[in-house]
Amino acid sequence: MSQAPTQIIIDTDPGQDDAVAILLALASPELNVLGITTVAGNVPLALTHVNARKVCELAGRTDIPVFAGCDKPLKRDLITAENVHGKTGLDGIELPAPSMPLQAQHSVDFIIKTLRNAPEKTITICSLGPMTNTAQALLKAPDIASRIAKIVLMGGGFFEGGNITPSAEFNMFVDPDAAKVVFAAGIPLTVVPLDVTHKALTSKAWVDGLRAMNNQVGPAVAAWTDFFERYDMEKYGSEGAPLHDPCVIGYMLKPELFTGRQINVEIEADSPLTVGATVADWWYVTGRTANAEFLNTINRDGFFDLLTERLSRYA
Ligand code: RIB
Ligand code: CA
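Residues numbered from 1 in each chain as written. Chains lettered and ligands numbered in written order. Predicted model: local features only at pLDDT ≥ 70, side-chain atom pairs only at ≥ 80, totals over all residues. Heavy atoms only, no water.

## Section: the packing of aromatic side chains
Pairs of aromatic rings are described using the distance from one ring centre to the other and the angle between the two planes.
Thought 1: For the structure shown, the criterion picks out eight aromatic pairs.
Thought 2: Each member of the aromatic cluster is reached from another via a ring pair, and the members are Phe 158, Phe 159, Trp 282, Trp 283 and Phe 294.
Thought 3: Across from the ring centre of Phe 227, 4.1 Å away, lies the NZ or CZ of Arg 230, which sits over that ring.
Thought 4: Positioned above the aromatic ring of Phe 304 is the side chain of Arg 300, whose terminal nitrogen or guanidinium carbon lies 4.0 Å from the ring centre. (Phe/Tyr/Trp six-rings, centres within 6.5 Å; stacked < 30°, edge-to-face > 60°. Lys NZ or Arg CZ within 6 Å of the ring centre and 35° of its normal.)

## Quick word on the site of ligand 1
Thought 1: Surveying the vicinity of ligand 1 reveals the residues Asp 13, Asp 17, Asp 18, Asn 42, Leu 128, Met 154, Asn 163, Glu 169, Phe 170, Asn 171, His 244 and Asp 245.
Thought 2: Within the contact set of ligand 1, an oxygen atom lies 3.0 Å away from a side-chain nitrogen or oxygen of Asn 42.
Thought 3: Between ligand 1 and the protein, one listed contact pairs an oxygen atom with a side-chain N or O atom of Asn 163 at 2.8 Å.
Thought 4: Its free accessible area being 280 Å², ligand 1 has 97% of it covered by the protein chains.
Thought 5: Counting residues per element, the ones that place at least two in the shell around ligand 1 are α1 (16-26) and α6 (170-174).
Thought 6: Across the shell around ligand 1, the residue classes tally to three nonpolar, four polar and five charged. (Near = heavy atom within 4 Å. Polar contact = N/O pair within 3.5 Å; in protein donor to acceptor, adjacent residues only side chain to side chain. Areas by Shrake-Rupley, 256 points an atom, 1.4 Å probe, with all protein chains shown as cover. Helix = DSSP H or I, 4+ residues; strand = E, 2+ residues; numbered from the N terminus. Nonpolar A, V, L, I, M, F, W, Y, C, P; charged D, E, K, R; others polar.)

## Let's talk about the nonpolar core
Thought 1: Formed by 60 residues in total, the largest nonpolar core has its most connected members in Leu 23 and Trp 224.
Thought 2: Per-element accounting of this core gives the leading share, eight residues, to α1.
Thought 3: With residues near it in sequence (within four places) discarded, Trp 224 still touches Gln 16, Ala 19, Val 20, Leu 23, Val 55, Leu 58, Leu 90, Asp 91, Ile 93 and Leu 95.
Thought 4: Formed by 37 residues, the second largest nonpolar core is a distinct cluster that contains Ile 112, Leu 115, Leu 153 and Ile 187. (Core = buried A, V, L, I, M, F, W, Y, C linked by side-chain atoms within 4.5 Å. Buried < 20%, exposed > 50% of the residue type's maximum accessible area, 1.4 Å probe, protein only. Contact = heavy atoms within 4.5 Å.)

## What to know about helix α4 (residues 107-117)
The periodicity of an α-helix, 3.6 residues per turn, causes residues three or four positions apart to be oriented the same way.
Thought 1: Along α4, the positions that sit buried rather than exposed are Ser 107, Val 108, Phe 110, Ile 111, Ile 112, Thr 114 and Leu 115.
Thought 2: In this fold, the buried residues of α4 make contact with β1 (6-12), β2 (31-38), β3 (66-68), β4 (123-127), α5 (132-140) and β5 (148-154).

Spelled out as structure tokens, the structure:
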């Protein structure tokens, strides 16, 4: 008897890796995507909500409601990453402008309404970008904190440090104040940090396998990967690039591919030197209450096998 699908909201700032995460989720019957809420991050909101709809149309899933959310962080000015993702945020392949409509409701209101209308603790938020939407929803409707089953988020780093500054990962750096709100809300959290995603490196063989896939999705993912991996390979001198956001969906589908610890994680939101740092008490030295499952290993081959198998399901 197969289990009922897990109800998820994907909060995202597409971005090529976000796009792969969305495609993985939409190909997986274990997950029911209630909606895709977009936020400013990799590129401005005006592009992220278009990109999310382009990905849904590529997946043949125009039934998925896509919402526009916050166009800037809670307090700070927006910082984007066109240097990594290109000017459209989905550089690598030209996809047609979406014809599916953008929902009129704001992402924050969709998150609040959906959580209030569903039984408690039945919805997981998969957070793939700066956490502005989720934080605003918690600030606007504190009652939803106890209604969220879990937040699984790509963000932060401990042993790996940062990727946009020596101590901060991009999602946390763009909106540290939002992350601080979320990490203090008492919601079950699973953090997928750079410590994991920097082990989820693409390979030429894997990308070539996608390029040869007999559908539209495989070659599209290969083209996106060719584009965004140039930045990381140049920076880290690695053979492949980290597929950050799909690791969140990989965890939702096969948590056994990952290991981590239940520890205290605090967010630095003020220091000019280390703002956006995730201060992970990996060695339990602070005595502070554990508030997050902080992952740090991934079965890399198992993850990429899962990704290939699911993407091959697209017609
Ligand atoms: O640091 C990696 C994260 O920042 C990923 O979510 C990527 O899409 C960017 O948003
Ligand atoms: Ca992202």
